[in-house]
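Structure at a glance
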Amino acid sequence: MSEPGPGTRVVRAGLPEPKQGEPFLPGPVFAAPFHVTGDPYAAPHAYTRYGNPTWTRYENAVGSLENAEAVLFSSGMAAAAAVLITQARPGSVIAMDSGCYHGVRALAETYIAPNGVELRLAPPAELAGAADGADLLWLESPSNPMLEVYDIAALAARDVTTVVDNTTAGPLLQQPLELGADLVLTSATKQMSGHADLLLGYITTRHTEYAEALRHWRRYAGAIPGPFETWLAHRSLPTLALRLERGCDNAIAIARLLAARDGVEAVRYPGLPSDPGHDVARRQMRGYGAVVSFDLGSEERAERFLAAASLVTDATSFGSVHTSAERRARWGGDAVSAGFIRLSAGCEETADLLADVEQALDEALRKS
Ligand SMILES: Cc1ncc(COP(=O)(O)O)c(C=O)c1O
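On a predicted model such as this, the values are computed, not experimentally measured, just so you know.

On to the overall build of the protein chain, then. Across its full length, the protein chain holds 12 helices and 12 strands. Computed over its C-alpha atoms, the radius of gyration of the protein chain comes to 21 Å, within 12% of the 21 Å expected for a compact globule of 368 residues. The principal-axis extents of the C-alpha atoms in the protein chain amount to approximately 75 × 55 × 40 Å. In the protein chain, the share of contacts with a sequence separation of at least 24, taken over all contacts with a separation of at least 6, comes to 69%. Here the protein chain has roughly 16,000 Å² of accessible surface; of this, 53% comes from carbon and sulfur atoms. In the protein chain, 31 side chains carry a positive charge and 44 a negative one; their mean positions are 2 Å apart.

With that settled, consider the environment of R89. If you trace the backbone, R89 turns up in the loop between α3 (76–87) and β2 (93–97). Once the C-alpha coordinates of R89 and G116 are considered, the two residues, 27 residues apart in sequence, prove to be 7.6 Å apart.

As a further point, take the sheet that holds strand β10 (residues 313–314). Strand pairing in a sheet relies on backbone hydrogen bonds. The paired strands run either parallel or antiparallel. The strand order across the open sheet formed by 5 strands is β8-β9-β12-β11-β10, and the pairing between neighbours is mixed. The strands lining the two open edges of the sheet, one partner per strand, are β8 (265–268) and β10. The pairing of β10 with strand β11 (residues 324–327) spans 2 bridges and is parallel. Looking across to β11, one finds that D314 is bridged to A325.

Cut-offs and rules
- Residues numbered from 1 in each chain as written.
- Predicted model: local features only at pLDDT ≥ 70, side-chain atom pairs only at ≥ 80, totals over all residues.
- Heavy atoms only, no water.
- Helix = DSSP H or I, 4+ residues; strand = E, 2+ residues; numbered from the N terminus.
- Rg over C-alpha atoms; globule rule 2.2 N^0.38 Å.
- Contact = heavy atoms within 4.5 Å.
- Areas by Shrake-Rupley, 256 points an atom, 1.4 Å probe, with all protein chains shown as cover.
- Lys, Arg positive; Asp, Glu negative; His and termini not counted.
- Charge placed at Lys NZ, Arg CZ, Asp CG, Glu CD.
- Pairing = 2+ DSSP bridges.

Listed below in structure tokens is the structure:
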């Protein structure tokens, strides 16, 4: 039989061999210490901060989707911090996409740069130049919330350790390690778990020494995932391809509707042929994701849209089965205008969603 496709692999990823009378996915292992006599390092598990069987099962599952080792953390930010801290030393130079997730930028500016690290924040057109002579290159593609697309293979080919935040795409839509990246960050809070009910994050890498350094940091920093959240994420993994398929279908349908509508500006979705990132995205992605961004021109219009929509929940984050959107400027931290909205398409029926978005646009764009 040929190699099963990703939508097949997620269904059984990380599950143990079938055993008579045993469940498909064993339940979460709740334990601080485990019974251990003698050398704790010789025992399979001794203390959960050092390792937990529920994490290992999920790490094997998500690692197998990228043919890599995965190291799991309590959130995407905990995973980002682990990479920055284990990679940066006094004297290091980090080139970072200035449009990447604002939390990662804040972390680097506040806690990494003051320790003798040169941080070069660069907009898309200048990122390759900023990477010259850098030790670490950090980029996000498609970026959150602007949905800028970077040519990952071209950037990773430079002589620099490259980290790609793959959260908006995830491993089924984009494989940065295959494109030459050294480390990949995925916030599993988003579509990997997909139900808006937990936070988790992980790093994948094919460099054993990087994975080892990340596990060492996790052990001593204590930024550990909870077994229950980990189990819930594993429980949600088999439906990832189905959820994504519907989310991507809904996203392109909404993007087309928005792009055709007078009064809606700056629609960004890498799946639209008119999008500036489309050609690169088509080369490096298997699908374009569930996130769409657009500008309604003012805070008032954007708020009217959100208030009028009933199938679009006003909430932050993305990648859930529920369609959600928010006026991004309410948080600060991103260079976005007052009417800018980031929308995450969920798994509702496309016709219902389009009808709801259309009537919310009518309401938002009516002359007041
Ligand atoms: C692109 C990106 N990276 C990282 C993170 C951080 O993930 P978490 O919220 O799981 O800490 C987020 C959160 O929104 C994100 O959008």
